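# Tertiary structure, described
In case you want the letters, here they are:
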Amino acid sequence: MERTRAGYPIKKKKVNKDELMEHLHKDWVQQLIVISCIVITSCLLAISAATTYTWSISVLTTKWVDVLIIAAVFFIATIMFYEYYTYMSKDKSYKKLIIIGVTLVVTVVCCQLFSHLISPYCSPLAVLPIILSIMIGGRTGFMGLVVTISTLLLSYSVMDYGLVGELSNTFYEITTSLIVSMIRVLLIMFLIRRNYSRFKLMWGAAAINLVASLPIVLLAMIVSTDAQYLLLSYTYSILGGFIAIIVFTSLIPLYEQIFNVWTNFKLAEICSLSRPLLQRLSNEAPGTFNHCIIVSNLAEACAIAVGENPYLAKACGIYHDIGKLSAPEFFTENQQGYNPHDDLIPMHSAKMIMSHTKIGYDMLKKAHLPDEIANVALEHHGTTTVKYFHNKAKLLTEGTVNDKLYMYEGPKPTSKIAAIVMISDVVEAITRSRQTANMDELKAIVESVIKEKIADHQFENSDITFSDLQKISVAICKVVPAVYHKRIDYNKKKL
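Residues numbered from 1 in each chain as written. Predicted model: local features only at pLDDT ≥ 70, side-chain atom pairs only at ≥ 80, totals over all residues. Heavy atoms only, no water.

All right, on to the overall build of the chain then. In terms of regular secondary structure, the chain is built from 20 helices and zero strands. Out of the 495 residues in the chain, the part that is buried amounts to 46%. Excluding contacts between residues fewer than 6 apart, the proportion of contacts in the chain whose partners are at least 24 apart in sequence is 73%. Entry remark: accessible area of the chain is about 25,900 Å², with carbon and sulfur atoms responsible for 62%. (Helix = DSSP H or I, 4+ residues; strand = E, 2+ residues; numbered from the N terminus. Buried < 20%, exposed > 50% of the residue type's maximum accessible area, 1.4 Å probe, protein only. Contact = heavy atoms within 4.5 Å. Areas by Shrake-Rupley, 256 points an atom, 1.4 Å probe, with all protein chains shown as cover.)

Listed below in structure tokens is the structure:
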């Protein structure tokens, strides 16, 4: 029997023949639409590249063979990029593919426009890879950089050789500009990985632009050694970098709004304690608020350990118990003396406790927060049992209890981050109640929680592996002691 990486058996779903044909037809139509869009994009890019040198539409009739060659180059490169993206990306929606296509056209057109109007050194090549790195991921951004450079070089060389008969100084200037742009982009992509805010990224990119443009002086000597030419080359290179910064800082908020894409910047912003929901949680359920802060820190550390998005994990952790706002006094961490469960039968108490996952999901959807965060709020207890009230009911009824009435409705975690929040939630509650100080005891608690969830099949719908669980255990054991560290007793009587 086939099994998942976590060791669970794969349940094979029977597919109806009509459903299969409908799925294949839908997939075929989508592929046809994508290829048609790529053909149109390639033609637009080819026309843009063809008119670079002459700035005249007549080149399309006199050098139509060259235009077709360039269109083919763009088509092949874009198809390869599309196939790479669909293979690497977990997100199979076409929203981000539209972003890639639009940004590719904007980047190439800007490169052609500024190359012709000002100088080839002004090409804002950095726009595409930086936007893709921020909106999708570093690997996609790097692939975008490779595709853009290769297609631009080929298109420039074809048109240059076709119109002039040999490679001119303009081609060497463009090549030099692309090399410097590549260095600039790689440094800015490294800056993005440092998890900077929008403001810091913008100023960091500006500083990199000033330094990374220096090699243009050496490379420009291929064309001319005139001091004025070299100074102008450096100035134009800096200008091209700043144009790229202006374009990508303008497009990112626009993409976030139009396509409703949640970048790391936006995820960091919703974790701000000034957000309305978190303000309410802080004021109305301070115990839950403190719990969520610690769980978010644990989830962030675990996400880094297993290669997941730490921004998303932190946001999921901080909002996972937002549903407790509906009745904060029913949860132990918010109680101060009076316990309303003393006046309820165990079944009603369990219903009150279990309702917070569905209520939290609805609240987060209503607040237009990402689906991933809302799903974690719904899934972080999976189908586990509310043990305290389940055991209490057993004592009152002498063991005749319907177990399902004391189990969360689920679903079970469907992502690694949901599984991380599930583990972090339980570990935080146990360590807070026991005030664990011993590292061996802490490791035993974390391992027992993970083993219990595995035995209960809570991770069977997520793609988490045993290796991931081991890394999560190590990460939690590093963070928890820092949260519950001991302090010196400042009681003056003991001094």
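Picking up where we left off.
It is worth spelling out the packing of helix α13 (residues 286-306) against helix α14 (residues 310-319) at this point. Close contact between α13 and α14 brings their axes to 7 Å; oriented N to C, the two are set at 155 degrees. By the angle class used here, α13 and α14 are roughly antiparallel. The crossing of α13 and α14 is right-handed. Contacts from C292, I293, V295, S296, N297, A299, E300, A303 and I304 in α13 reach P310, A313, K314, G317 and I318 in α14. In terms of residue class, the contact of α13 with α14 is built from nine nonpolar, three polar and two charged. (Axes fitted to C-alpha atoms, helices over the stretch in contact; angles between N-to-C directions. Parallel < 35°, antiparallel > 145°, perpendicular 65-115°, else oblique. Left-handed = near helix turned anticlockwise from the far one by under 90°. Nonpolar A, V, L, I, M, F, W, Y, C, P; charged D, E, K, R; others polar.)

To continue, consider the environment of K266. Take K266: it is sitting in helix α11 (residues 264-270). Accessibility expressed as a relative area gives 16% for K266, which makes it buried. Each C-alpha atom, one on K266 and one on R198, is 9.5 Å from the other, the two residues being 68 residues apart in sequence. Setting aside chain neighbours within four positions, we find K266 in contact with R198, E256, N260 and V261.

Let us now look at the nonpolar core. Ranked by size, the top nonpolar core spans 54 residues in total, and within it Y319, I322, L364, I373, I423, I472 and I476 carry the most contacts. If you tally residues by element for this core, the top one is α13, at nine residues. With residues near it in sequence (within four places) discarded, Y319 still touches I270, R275, L277, L278, L364, L369, I373 and A377. In terms of nonpolar packing, the next biggest core, distinct from the first, is built from 33 residues, I130, L191, A206 and A244 among them. (Core = buried A, V, L, I, M, F, W, Y, C linked by side-chain atoms within 4.5 Å.)

Further remarks concern unusual backbone geometry. Note that the residue after G410, namely P411, is joined by a cis bond; omega there is 5 degrees. Positive phi is not limited to glycine here, since N260 has a value of about 55 degrees. Note that N260 resides in the loop between α10 (227-259) and α11. Despite not being glycine, H457 shows a phi value in the positive range, around 60 degrees.

The full count for this structure, using the stated rule, is two aromatic pairs. Above the face of the W262 ring, K266 is positioned so that its terminal group lies 4.4 Å from the ring centre. (Phe/Tyr/Trp six-rings, centres within 6.5 Å; stacked < 30°, edge-to-face > 60°. Lys NZ or Arg CZ within 6 Å of the ring centre and 35° of its normal.)

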